[in-house]
Amino acid sequence: MNKAIKSDDIIFNFFKQICDEKDDQKCVELGNSWINAMEKNLDNMELNLDKADKLKFSEDIRNNRDHLNSLKNKTSSEWRDYATQCMIEILDNKK
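Residues numbered from 1 in each chain as written. Predicted model: local features only at pLDDT ≥ 70, side-chain atom pairs only at ≥ 80, totals over all residues. Heavy atoms only, no water.

1. Points about the packing of helix α2 (residues 24–48) against helix α3 (residues 51–71)
One way to put it is that α2 packs onto α3 with a least axis distance of 10 Å and a crossing angle of 170 degrees. Classed by the angle they form, the pair α2 and α3 counts as roughly antiparallel. Of the residues in α3, those in contact with Ile 35, Met 38, Glu 39, Leu 42, Asp 43 and Glu 46 of α2 are Lys 54, Ile 61, Asn 64, Arg 65, Leu 68, Asn 69 and Leu 71. Split into classes, the residues belonging to the contact of α2 with α3 amount to six nonpolar, two polar and five charged. (Axes fitted to C-alpha atoms, helices over the stretch in contact; angles between N-to-C directions. Helix = DSSP H or I, 4+ residues; strand = E, 2+ residues; numbered from the N terminus. Parallel < 35°, antiparallel > 145°, perpendicular 65-115°, else oblique. Contact = heavy atoms within 4.5 Å. Nonpolar A, V, L, I, M, F, W, Y, C, P; charged D, E, K, R; others polar.)

Pasting the structure below:
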């Protein structure tokens, strides 16, 4: 039996944690921690790209940064809605 943890399972569980959090402040903090982690991932990816790939993926990176910026200052209910949509997307992509 394969018990490997898949990254989409980890992401799904993180978004579930956002949805399940009853304390609105903690829910927002979880959402903001998601933004921080994704920004760090983008920073690390950019550092590891050579010049040609930086040019090739610059629009994708910019779009990801813009998306993360659009998540800033969300309310707890907005975070729960966003997390729910992300979980649905993850489930849809597993099929």
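There is more to say, and it comes next.
2. A word on the packing of aromatic side chains
Counted according to the given criterion, the structure contains five aromatic pairs. Judged by centre distance (6.0 Å) and plane angle (75 degrees), the ring pair of Phe 15 and Tyr 82 falls under edge-to-face. You can see Phe 15 sitting in helix α1 (residues 7–20) and its partner Tyr 82 sitting in helix α4 (residues 76–94), a full 67 residues away along the chain. For Phe 15, a relative accessible area of 2% translates into the label buried. Pairwise contacts between aromatic rings join Phe 14, Phe 15, Trp 34, Trp 79 and Tyr 82 into one cluster. (Phe/Tyr/Trp six-rings, centres within 6.5 Å; stacked < 30°, edge-to-face > 60°. Buried < 20%, exposed > 50% of the residue type's maximum accessible area, 1.4 Å probe, protein only.)

3. Observations concerning unusual backbone geometry
Its identity as a non-glycine residue notwithstanding, Asn 73 has a phi of 70 degrees, on the positive side. Within the secondary structure layout, Asn 73 lies in the loop between α3 and α4. For Asn 73, a relative accessible area of 75% gives the class exposed.

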